[in-house]
Amino acid sequence: MHKDILKIVLIGDGGVGKTSLRNQFIHKRFTNAYKATIGADFITKQVETEDGKKVMLQIWDTAGQERFQSLGVAYYRGADACILVYDVNNFLSFQHLGRWREDFLKQSSLPAEEAMHFPMLIIGNKIDIDDRVVSRRQARAWAEQNSSERMKIPCFEASAKDGTNVEEAFTYIAKIVKIPQLELDLNGGGSSLTLSTSESTKSKKRSCC
C-alpha cells in the first residue's frame, strides 16, 4: 500500500556526516563547522513519482553518540526505511554498521519476517577526502551478506561536501520503499522515481558500490 509520507532514518557513528548528507540533499549546502546532533530531528522534502503521485520524505537525523542511543526506540518505530552511514576514511565507523543495523531492527520492534526484508541502504561518506581505508569491495561484501532474497541492500559512496551521489542515494531509497514487494517481484524492480523540486540539479554519475 502506498504511503504519502515516508519516514527515513539516518543512523551511524557520530561524525560520519549524517547531518551533512541530509543538509546537502534538502538545502544543497555544506558547512565545515561540525556540531553534534542532540537526540534526533527531522526535515521533510517532497518528491514526485513517475505517475505524478507526490510523496513526502520525512528524513530523521539521529545522534551517533553512545549517550543518545537509548533514545532510538522513540525515533526508529514507524520507519519505512533506514540509511546506514559510515566514513570511508574511518574503518571503525564501517565495522560498527552491523551493530547499528541490529540495534535499529531490535528497537524498531519489527516482526521477524518483516525485519529480514526491511528496506536499507548504506552510504560511504567523505569520498572527497583522499584518505580511504574502506574499499568498495568491502562495502559491497557487507551489503550482500546482510541482504535478503527479497530486499537487496544497495551501497553508495558519496560526498556531503560536494554533493556527489547524495541525491541519487536518497532517491534510490525512496524508490525501493515506494514499490510494493508484489510489484517488485512481478516487474523485476524496473520502476523509477524522479525528484520534483524548484532546485534543478545536473545529473551526476552514480557511484554505487
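- Per an unreviewed UniProt entry, the chain carries the name Ras-related protein Rab-7b and comes from Lichtheimia corymbifera JMRC:FSU:9682.

### Quick look at the overall build of the chain
Part 1 of the reasoning: A count of helices and strands for the chain gives eight helices and seven strands.
Part 2 of the reasoning: Taking all 209 residues of the chain together, 49% fall into the buried category.
Part 3 of the reasoning: Within the chain, contacts between residues separated by at least 24 positions form 75% of all contacts whose residues are at least 6 apart in sequence.
Part 4 of the reasoning: If you sum the accessible surface of the chain, you get close to 10700 Å²; carbon and sulfur atoms cover 50% of it.

### A closer look at empty space enclosed by the protein
Part 1 of the reasoning: Under the defined criterion, the tally for this structure stands at two cavities of 30 Å³ or more.
Part 2 of the reasoning: For the second largest cavity, the calculated volume is near 50 Å³.
Part 3 of the reasoning: Lining the second largest cavity, in full, are Arg101, Leu105, Ala115, Met116, Phe118, Met120, Asn146, Ser147, Ser148, Met151 and Ile153.
Part 4 of the reasoning: Looking at the lining of the second largest cavity, the elements that each hand over two or more residues are α4 (97-107) and α5 (112-116).
Part 5 of the reasoning: By residue class, the composition of the lining of the second largest cavity is seven nonpolar, three polar and one charged.

### Structural notes on α4
Part 1 of the reasoning: All buried positions along α4 are accounted for by Leu97, Gly98, Trp100, Arg101, Phe104 and Leu105. Relative to the axis of α4, the buried residues are bounded by an arc of 165° and lie together on one face. Turned more than 90 degrees away from the buried face of α4, the exposed residues are Glu102 and Lys106.
Part 2 of the reasoning: Ser109 sits one or two residues past α4 and shows a positive phi near 55°.

### Regarding the environment of Arg99
Part 1 of the reasoning: Along the chain, the position of Arg99 falls in helix α4.
Part 2 of the reasoning: Arg99 sits in the partly exposed class, given a relative accessible area of 30%.
Part 3 of the reasoning: Taking the C-alpha atoms as reference points, Arg99 and Gly12, separated by 87 residues in sequence, lie 9.3 Å from one another.

### What to know about the side chain of Asp61
Part 1 of the reasoning: Within the fold, Asp61 resides in strand β3 (residues 54-62).
Part 2 of the reasoning: As a buried residue without a salt bridge, Asp61 has its nearest oppositely charged side chain in Arg22, at a separation of 4.1 Å.
Part 3 of the reasoning: Within the local environment of Asp61, its side chain forms a polar contact with the side chain of Thr19, the two groups lying 2.3 Å apart.

### Considerations on helix α6 (residues 136-145)
Part 1 of the reasoning: Those residues of α6 that fall on the buried side of the exposure criterion are Ala139, Trp142 and Ala143. For α6, the buried positions fall inside an angular range of 100° around the axis, keeping them on one side. For α6, the exposed residues lying more than 90 degrees away from the buried face are Arg137, Glu144 and Gln145.
Part 2 of the reasoning: Packed against the buried residues of α6 are β4 (81-87), α3 (91-95), α4, β5 (120-125) and β6 (155-157).

### Considering the nonpolar core
Part 1 of the reasoning: If you look at the biggest cluster of nonpolar residues, it comprises 27 residues, and the most contacted ones within it are Leu57, Ile83 and Ile173.
Part 2 of the reasoning: Elements that contribute at least two residues to this core include exactly β1 (5-11), α1 (18-27), β3, β4, β5 and α7 (166-178).
Part 3 of the reasoning: For this core, the element with the highest residue contribution is α7, accounting for seven residues.
Part 4 of the reasoning: Setting aside chain neighbours within four positions, we find Leu57 in contact with Leu6, Ile8, Phe25, Ile43, Thr44, Lys45, Val47 and Ala174.
Part 5 of the reasoning: Counting residues in each nonpolar core, the second largest holds 26 residues, with Tyr86, Trp100, Leu105 and Ala143 among its members.

### Looking at unusual backbone geometry
Part 1 of the reasoning: Although it is not a glycine, Lys126 adopts a positive phi angle of roughly 70°.
Part 2 of the reasoning: Here Lys126 falls in the partly exposed class, since its relative accessible area comes to 22%.
Part 3 of the reasoning: With phi around 65°, Asn165 is a residue other than glycine that occupies positive phi space.
Part 4 of the reasoning: Take Asn165: it is sitting in the loop between β6 and α7.
Part 5 of the reasoning: A relative accessible area of 0% means that Asn165 is categorised as buried.

Reading the values: rules and limits
Residues numbered from 1 in each chain as written. Predicted model: local features only at pLDDT ≥ 70, side-chain atom pairs only at ≥ 80, totals over all residues. Heavy atoms only, no water. Helix = DSSP H or I, 4+ residues; strand = E, 2+ residues; numbered from the N terminus. Buried < 20%, exposed > 50% of the residue type's maximum accessible area, 1.4 Å probe, protein only. Contact = heavy atoms within 4.5 Å. Areas by Shrake-Rupley, 256 points an atom, 1.4 Å probe, with all protein chains shown as cover. 1 Å grid on protein atoms, 1.4 Å probe; cavity = no way out; pocket = protein on both sides within 12 Å on 5 of 7 lines; lining within 4 Å. Points joined across faces, edges and corners; volume = space filled by probe spheres on them. Nonpolar A, V, L, I, M, F, W, Y, C, P; charged D, E, K, R; others polar. Arc of directions from axis to C-beta. Lys, Arg positive; Asp, Glu negative; His and termini not counted. Salt bridge = Lys/Arg side-chain N within 4 Å of Asp/Glu carboxyl O. Polar contact = N/O pair within 3.5 Å; in protein donor to acceptor, adjacent residues only side chain to side chain. Core = buried A, V, L, I, M, F, W, Y, C linked by side-chain atoms within 4.5 Å.

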